[in-house]
Amino acid sequence: LKDLASTVQLDIWHPSSIHHIVVGTDVDFRVGSDQTSFVQTKLEQNGIQYGILFHNLQEEIEKQFDGGRHFREKHSYTRYNEWEKIVAWTERMAKKYPKLVSRVQIGKTYEDRPMYLLKVGKESGKKKVIFMDCGIHAREWISPAFCQWFVKQAVRTYETDKVMFKLLNNLNFYILPVFNIDGYVWTWTEDRMWRKNRANTSNSDCPGVDLNRNFKAKWGTIGISHKPCSQIYCGPSAESEPEIKAVTSFIREHLSSIRGYLSFHSYSQILMFPYAYKDETAPNNDELNKVAKEAVEALSSLYGTEYTYGPTATTIYPCSGSSLDWAYDEGIKNAFTFELRDLGKYGFILPESKIRPTCRETMLAVKHIANYILTSAP
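Residues numbered from 1 in each chain as written. Predicted model: local features only at pLDDT ≥ 70, side-chain atom pairs only at ≥ 80, totals over all residues. Heavy atoms only, no water.

Further remarks concern the overall build of the protein chain. In terms of regular secondary structure, the protein chain is built from 12 helices and 10 strands. Compactness check: the protein chain gives a C-alpha radius of gyration of 20 Å against a globular reference of 21 Å for 378 residues, within 12% of the reference. With the C-alpha coordinates of the protein chain rotated into their principal frame, the extents come out at 65 × 50 × 45 Å. Going through the 378 residues of the protein chain one by one, you find that 57% of them count as buried. Charge separation in the protein chain, taken as the distance between the mean sites of 47 positive and 44 negative side-chain charges, equals 7 Å. (Helix = DSSP H or I, 4+ residues; strand = E, 2+ residues; numbered from the N terminus. Rg over C-alpha atoms; globule rule 2.2 N^0.38 Å. Buried < 20%, exposed > 50% of the residue type's maximum accessible area, 1.4 Å probe, protein only. Lys, Arg positive; Asp, Glu negative; His and termini not counted. Charge placed at Lys NZ, Arg CZ, Asp CG, Glu CD.)

Note the cis peptide between His-14 and Pro-15, where omega equals -10 degrees. Note on placement: Pro-15 falls in the loop between strand S1 (10–14) and strand S2 (28–31). In the segment running from Pro-274 into Tyr-275, the intervening peptide bond is cis, with an omega of 5 degrees. Along the polypeptide, Tyr-275 turns up in the loop between strand S8 (270–273) and helix H9 (285–303). We note that Glu-239 has phi near 55 degrees; this positive angle belongs to a residue other than glycine. Its location among the elements puts Glu-239 in the loop between helix H7 (181–189) and helix H8 (242–253). Of note in this structure, Ser-268 is not a glycine but carries a positive phi near 145 degrees. You can see Ser-268 is positioned in the loop between strand S7 (258–266) and S8.

Another aspect to go through is the packing of aromatic side chains. Scanning the entire structure with this criterion turns up 21 aromatic pairs. For the ring pair Tyr-158 and Phe-165, a centre distance of 5.1 Å and an interplane angle of 35 degrees mean the geometry is tilted. Given a relative accessible area of 8%, Tyr-158 falls into the buried group. An angle of 65 degrees between the planes, with centres 6.2 Å apart, marks the rings of Tyr-184 and Trp-188 as edge-to-face. Of the two residues, Tyr-184 and Trp-188 are both situated in helix H7; the distance of four residues between them amounts to about one turn of the helix. By the burial criterion, Tyr-184 is buried, and Trp-188 matches it. What links up through ring pairs into an aromatic cluster is the set Phe-146, Phe-150, Phe-173, Phe-264 and Phe-338. When the ring centre of Trp-141 is taken as origin, the NZ or CZ atom of Arg-192, which lies over that ring, is 3.7 Å away. (Phe/Tyr/Trp six-rings, centres within 6.5 Å; stacked < 30°, edge-to-face > 60°. Lys NZ or Arg CZ within 6 Å of the ring centre and 35° of its normal.)

Bringing the domain arrangement of the protein chain into the picture now. Domain parsing of the protein chain yields domain 1 (1–52) and domain 2 (83–198 + 207–375). Summarising the inter-unit geometry, the C-alpha centres of domain 1 and domain 2 are found 29 Å apart. Of the residues lining the interface, 11 residues belong to domain 1; the matching set on domain 2 comes to 19 residues. Roughly 1,000 Å² is buried in total at the junction of domain 1 and domain 2, and carbon and sulfur atoms are behind 57% of that figure. The residue Arg-139 makes a salt bridge to Asp-11 at a minimum N-O spacing of 3.1 Å. If you look at where domain 1 meets domain 2, you find six residue pairs in polar contact (both at pLDDT 80 or more). (Domains from an automatic or database assignment. Contact = heavy atoms within 4.5 Å. Buried area = accessible area lost by both parts, 1.4 Å probe. Salt bridge = Lys/Arg side-chain N within 4 Å of Asp/Glu carboxyl O. Polar contact = N/O pair within 3.5 Å; in protein donor to acceptor, adjacent residues only side chain to side chain.)

Here the UniProt feature "active site" (unreviewed entry) sits at Glu-339. By the element assignment, Glu-339 lies in strand S10 (residues 334–340). Not counting residues within four places of it along the chain, the set of residues in contact with Glu-339 comprises His-265, Ser-266, Tyr-267, Ser-268, Gln-269, Ile-270, Met-272 and Tyr-307. One polar contact links the side chain of Glu-339 to the main-chain amide nitrogen of Tyr-267, over a distance of 3.3 Å. (UniProt positions renumbered as here; feature names shortened; annotations may be inferred.)

Laid out in structure tokens, this is it:
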């Protein structure tokens, strides 16, 4: 496969790059229609078992909008929303629920779009905070859909759900609904399969930095590439990207109150915790493992969706410069990354009909972690 990737343009979906492929790995990748017969021949010559997930990806991309792309004027929690709709929604939520929601601009993207954060919680004194971000990788559309769903559920069930009532009275959630806004816009307008941000790089043909390799957490050492054309290009230096600077400076300013960090990705149904940059367990590994196990059990209780869990480096692959390790090393000891549905049947092209079940089950896991942070975490 690595040899094949040196001659043919492969878009590796899972794991996230050719570097992470080892013997025994299941690999999902996309190849241009002009290369398919060549690639199939190569796989067969090498005795590699394979199946075709999508014969025509473009058709699947169209189908992802289950209701078609017509009549999509309104923001919807069970559909994928383009960036303009999400911005308007952040403003609307702050206006509609002023006692529970406020909106803050924390910075601007490379292409000068404002980065908005929603603070969700009952305004009162000093409270523990959980920071959540979605959509650091542009093509993982189910992720921003979850952040929007979480806010909706928080405000709509605040008075009827005992757990949510307790959480919002005693915690604040800082929620970044789309981290990589420029990349997300690009996936709607130009290339549905885009992953990185849209920054210029030293190679004018290859824009974009993988924002989840750009944090100051053993930056540039493992599970990354220093080549701008790579999907996992870590950037010219740690925190080189404006999106990363905005988030890290906001978190550092509020570090004294932040007790939890949750980041949402797709796909592969895994709940992970540090470390990603080294094959060692974190000092509070037993706690993290227990919380992850219980969160995954809560998630599975709804539809039986099976998740695995564990430290990133050993559960998927080692990588440096991730938000998870950075947050943990800054002192946020309850740090988790979700890889949402599915296991590869649809991959990044998860149909809109799956948004509701994915978000409903994920809510159970997030509420479990939040409740743990509220009641047990120091």
